Each structure stands twice: as C-alpha cells, then as structure tokens.
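Here is what each chain is made of, one letter per residue.
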Amino acid sequence: MRVKILFTISFMALIGAIIGGITNHLAIKMLFRPHHPIYIKGKRLPFTPGLIPKRRDELAKQLGDTVVNYLLTPETIHKKFFSQDIKDKVTLFLEDKSDQLLFTPDKTIQDWLTQAGFPHMATDVEQKIDQVIVQQFGHLHHTLSTKAIEQLLSEDVKATIDHKIPEAVNHMLDKGRDYFVSPEGELTIKNMIDSFLSSKGSLGNMIHMFVGDSNSLVLKVQKELVHLIQSDSTRATLTTIFMTEWQNLQKRPAIDFMQDIAFEPIVERVQNYAKQQLAISSRLDQPLVHYWKNGPQYMKTTIIPQLVERGFTEAEHRLEDVLQRLNLREVVREQVDSFPVAQLEDLVLGISRREFKMITVLGAVLGGLIGIVQGVIVHLIG
C-alpha cells in the first residue's frame, strides 16, 4: 500500500514537472516564434506570429520613446559629454596632436598638401601667377588702348600738372637766359651769326663788310635774346602753348605713346621675377614651425583653449536643436522595426539564455511540487 502511494505521488510529480518545464519552455519560445503568421485555409492560427514579432511596431515605438525620454536626453548628454573632465581630455588630445602633426620638423608644408590631395601645389601656384600676370597686362593694354590720358589721371594729378606748367616754363626760360649769357652761349650766338651770313652769299658779305667781325654783333644779339627770354609776353606765350599742347595730349589714347613697346618680353620678365622672388617650391619644403617659431606654445596657450571653449559652448547651445533634427525616436523605431526577428531572438537569447533555462527549470520544479501536492490530496481523498 505504501509503495503504491509513493509511486502515485512520484508519478504525478514527474508528470507535473514535465508539464511545468515544457509549458515554460513553450512560453519562452512563443515570445519569438513563429516569426510569421501561419494560415490554414485562409484563417490565421491563434498565437501566430509570436508575441514580439506581433507587437514589433509597438516595441519599436516604445524603445524609441525610452531612448529619447530616458537614455539620450539633453541632460544626460550634457552631463556625460560637457563636463570639465571631457574638456580637459579634448584639450590634451588636441595639444598632443598639434605637436605630433602640425609642428613636427619631419613633415613639410608640401607633405601636408600632398596628403590633402595637392601634390603639385608649387607648380599650380606658379601657373596661376603666370595667368594672373598675363591677365593684368591684358587689362592694362586694353585700358591704354581704349581710354584717353585724361581718363587715366586723377583730378589731383591733372591739377598738379596744370600748376607745374608755368613753373616749368619759368625754369626753362631762366636756364635759357643763363646759357646765352655764358661763354658757351656767346659762342653759339657767334656761330649762328656766321652761319647766317655765310648762307646769304653776296648780301651776307656786304653786311659782314659794313659790320666787320661778327663779334660786334654777338653782344647785341645776346642782349636782345636775354630781353626776349625775360619778357612777360614770352613767358605768357610759352605757357599758353604748353597748356594747349597739354590739353590736346590728354585727349589722345595712352597707347599712342607706347606703340613701340613690346609687352611680351615685359610680361615674361615680370613672370620670372615674381616666381623667383616668391620661390614657392623652396618655401613649401619647410615645416610649419620654420615660419612659426612660437606656434606650438601659442597653440597650447591660446588657440586650442579658445577653440575647445567655443566648440563646447556652441555645441551646448545647439544640443537640443541637434537632437530634434536627428529625430532619434524615429531612427530607433525604424531600426528596430527593420531588425530581423531571428537576429533579435538570437540577441535576446544570447544575453539571457541562462536565465531562460532557469525559468524552464523553475517551471519543472513548480510542476513537480504541484504534482506531489496533487498526489497527497488524491491519497487523502481516496
């Protein structure tokens, strides 16, 4: 009798454990499986698909809300990424990179340009210089060809020249007077008189006979020349002539006075001079520290701190706007919604496989205990 009772209780405990374990195991599997609904004769079977595949849209939305409301909030990001410790680490990182990259003596400016995709910068710059010089000379030639001199001169320059013409006339006449009263001037006057008398033939000989030596005429002619040069009418006449010629000169194109100038050799010489003075290739073959001796210290004490401070300040001001533009809620929802259920199952089971096994075991234990209780109740009733 006692053996029968123990067998009954043990059998019911075994059956309960099997039922409890299988039930829990099936319940866990039904969280994910089946992945897709199953139809028989056009009717969907109950509990297909599994809970998570069936509610994936709601799960995706809920995860999106959770991420935005509790995980990636502006307060959380500000606390994690805008602390003084992060600023110090960023500053230290930039200082190290500045020394290692920008101001290393082993890397020239041309090396940086080559790395950035400009391996022939020196040649490109020289070609650009040649083009600019050719263009500028072309503009100059066009301007000289199409504009009169008065259009090229400013009003103050023209006023200065107008003011200087009378002074130039006075200076020229004063120099002429000084010359004609000098021994050289007297000799010039004598030669002119002798040449004039010789050119007149018999009339010149007759005048020469009456006057005698031409030396006697030199003083008279010299006196008259000096009087003529010093007269106000002469100064006024020359000034008027010069002013008239200056006005006429201004109306002519500037190129009229440059017809014999060959621009091509000038352009070539200017190009060669510019490239020689700039020496682009040799300048690019120097490291940055060659031109900026205190660059490393200035970067560490001024530029990098200001850059970090301004960058963090600007990022803080734009944090909420950036998060809104990113629309993390929708991003998470789309990603979860498009995530394959099989991979999601592997992910969850990979993390919680041991816990799920314990739930299965717990179901078996509880089922066994329930079976024992049922066996005892059956025995007591029977």
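Note that residues are indexed from 1 along each chain, following the sequence as it is written. The predicted nature of this model means local features are confined to residues of pLDDT at least 70 and side-chain atom pairs, given and counted, to a pLDDT of 80 or more, with totals for whole chains, interfaces and linings taken over all residues. Just so you know, side-chain values use all the structure's heavy atoms and leave hydrogens and water out.

Visitor: Before we move on, can you summarise the overall build of the protein chain with the specific residues and values?
Guide: Along the backbone of the protein chain there are 19 helices and 2 strands. For every residue, the accessible area (1.4 Å probe, protein chains only) is compared with the maximum for its type, and the residue is labelled buried under 20%, exposed over 50%, or partly exposed between those bounds. Across the 382 residues in the protein chain, those meeting the buried criterion constitute 24%. Long-range pairs, those at least 24 residues apart, make up 75% of the contacts in the protein chain with a sequence separation of at least 6. Helical segments are the DSSP runs of H or I of at least four residues, strand segments are the runs of E of at least two, and each set is numbered from the N terminus. Contacts were defined at the residue level, with two residues in contact if any of their heavy atoms lie within 4.5 Å.

Visitor: How would you sum up the UniProt feature "transmembrane region" (unreviewed entry) in the protein chain? Please name residues and give values.
Guide: UniProt positions are given in the numbering used here, feature names are shortened, and annotations may be inferred rather than shown by experiment. If you check UniProt for "transmembrane region" (unreviewed entry), the listed places come out as residues 6-28 and 359-381 in our numbering. In residues 6-28, the share of helix is 100% and the share of strand is 0%. The end C-alpha atoms are 33 Å apart.

Visitor: I'd love a proper account of the packing of helix α7 (residues 121-146) against helix α14 (residues 263-278), names of residues and values included.
Guide: Two elements in contact, α7 and α14, have axes whose closest approach is 10 Å; the angle formed by their N-to-C orientations is 145 degrees. Note on packing geometry: the crossing formed by α7 with α14 is right-handed. Packed against α7, whose contacting residues are Glu126, Ile129, Asp130, Ile133, Val134, Phe137, His141 and Leu144, the element α14 presents Phe263, Ile266, Val267, Val270, Gln271, Ala274, Lys275 and Leu278 at the interface. Each residue receives one of three labels: charged for Asp, Glu, Lys and Arg, nonpolar for Ala, Val, Leu, Ile, Met, Phe, Trp, Tyr, Cys and Pro, and polar for the others, Gly being one of them. Of the residues assigned to the contact of α7 with α14, the class counts are 11 nonpolar, 2 polar and 3 charged. Note on definitions: angles span 0 to 180 degrees between N-to-C directions of axes, and those axes are lines fitted to C-alpha atoms, for helices only across the stretch in contact. Note on convention: the crossing is left-handed when the near helix lies turned anticlockwise from the far helix by less than a right angle, right-handed when the turn is clockwise.

Visitor: Outline α7, listing residues and values.
Guide: The length a helix should cover is 1.5 Å for every residue beyond the first. Here α7 spans 37 Å end to end across 26 residues, near enough to the 38 Å set by a 1.5 Å rise per residue. By the burial criterion, the buried members of α7 are Ala122, Ile129, Asp130, Ile133, Phe137 and Leu144. Turning to α7, the residues buried within the fold contact α6 (109-115), α8 (149-152), α14 and α15 (280-284).

Visitor: Got a sec to walk through the side chain of glutamate 95? Specific residues and values, please.
Guide: Its place among the elements puts glutamate 95 in helix α5 (residues 84-102). Buried charge without a partner: glutamate 95 forms no salt bridge, and the closest opposite charge is lysine 300, 5.7 Å away. Aside from chain neighbours lying at most four places away, what touches glutamate 95 is Lys300 and Ile304. Under the convention used here, Asp and Glu are negative, Lys and Arg are positive, and both His and the chain ends fall outside the count. For salt bridges, the criterion is a side-chain nitrogen of Lys or Arg within 4 Å of an Asp or Glu carboxyl oxygen.

Visitor: Could you give me a rundown of the pattern of salt bridges, with the residues and numbers involved?
Guide: Charged atoms that come close allow side chains of opposite charge to pair. Tallied over the full model, the rule gives 9 salt bridges. Across the pair lysine 87 and glutamate 309 runs a salt bridge whose closest N-O atoms are separated by 4.0 Å. Of this pair, lysine 87 sits in helix α5 while glutamate 309 sits in helix α17 (residues 295-326); the two residues are 222 residues apart in sequence, bridging distant segments of the chain. Lysine 87 sits in the buried class, given a relative accessible area of 12%. Judged by relative accessible area, which is 42%, glutamate 309 ranks as partly exposed. A salt bridge links lysine 158 to glutamate 155; its shortest N-O distance comes to 3.2 Å. Taken together, the positions of lysine 158 and glutamate 155, both in helix α9 (residues 155-180) and 3 residues apart, correspond to about one turn of that helix. Given the relative accessible area of 14%, lysine 158 is considered buried. According to the relative accessible area criterion, glutamate 155 is exposed, its value standing at 58%.

Visitor: Lay out the packing of aromatic side chains with the relevant residues and their values.
Guide: To describe a pair of aromatic rings, you give the distance between the ring centres and the angle between the ring planes. Ring geometry is summarised as follows: Phe, Tyr and Trp rings, the Trp one being its six-membered ring, pair when their centres sit within 6.5 Å, and such pairs are stacked at plane angles under 30 degrees, edge-to-face over 60 and tilted between the two. The tally for this structure, following the rule as stated, stands at 3 aromatic pairs. Each ring, one from phenylalanine 103 and one from tryptophan 292, has its centre 5.7 Å from the other, and the planes form 65 degrees; the classification is edge-to-face. With phenylalanine 103 in the loop between α5 and α6 and tryptophan 292 in the loop between α16 (288-291) and α17, this residue pair connects regions lying 189 residues apart in the sequence. You can call phenylalanine 103 buried: its relative accessible area is 6%. Given a relative accessible area of 28%, tryptophan 292 falls into the partly exposed group. Aromatic rings pair up to connect Phe103, Trp292 and Tyr298 into one cluster. Put simply, a charge is over a ring when the Lys NZ or the Arg CZ is close to the ring centre, within 6 Å, and near the line of the ring normal, within 35 degrees. For lysine 107, the ring lying beneath its charged end belongs to tryptophan 112, and the centroid distance is 4.3 Å.

Visitor: Could you give me a rundown of the side chain of glutamine 271, with the residues and numbers involved?
Guide: The topology assignment puts glutamine 271 in helix α14. For glutamine 271, a relative accessible area of 13% translates into the label buried. For glutamine 271, the residues in contact, after removing those within four places along its chain, are Asp130, Ile133 and Val134.

Visitor: Kindly report on unusual backbone geometry, identifying the contributing residues and their values.
Guide: Of note, the phi angle at alanine 279 is positive, near 50 degrees, even though the residue is not glycine. Here alanine 279 lies in the loop between α14 and α15. Take alanine 279: its relative accessible area is 23%, and that puts it in the partly exposed class.

Visitor: So, the packing of helix α3 (residues 56-71) against helix α18 (residues 328-338): which residues are in play, and what are the values?
Guide: As a packed pair, α3 and α18 sit with axes 8 Å apart at the nearest point and diverge in direction by 145 degrees. Considering how the two elements wind past one another, α3 and α18 form a crossing that is right-handed. Residue-level contacts link Arg56, Asp57, Ala60, Lys61, Leu63, Gly64, Asp65, Val67, Val68 and Asn69 of α3 to Leu328, Arg329, Val332, Arg333, Val336 and Asp337 of α18. For the contact of α3 with α18, the class distribution of residues is 7 nonpolar, 2 polar and 7 charged.

Visitor: Let's hear about α14: which residues, and what values?
Guide: The first and last C-alpha atoms of α14 sit 22 Å apart over 16 residues, in line with the 22 Å expected at 1.5 Å per residue. Among the residues of α14, Phe263, Val267, Gln271 and Ala274 are the ones counted as buried. End-on view of α14: buried residues confined to an arc of 75 degrees, all on one side of the axis. Among the exposed residues of α14, those pointing more than 90 degrees away from its buried face are Arg269, Tyr273 and Gln276. This arc describes the spread of directions from the helix axis toward the C-beta atoms.

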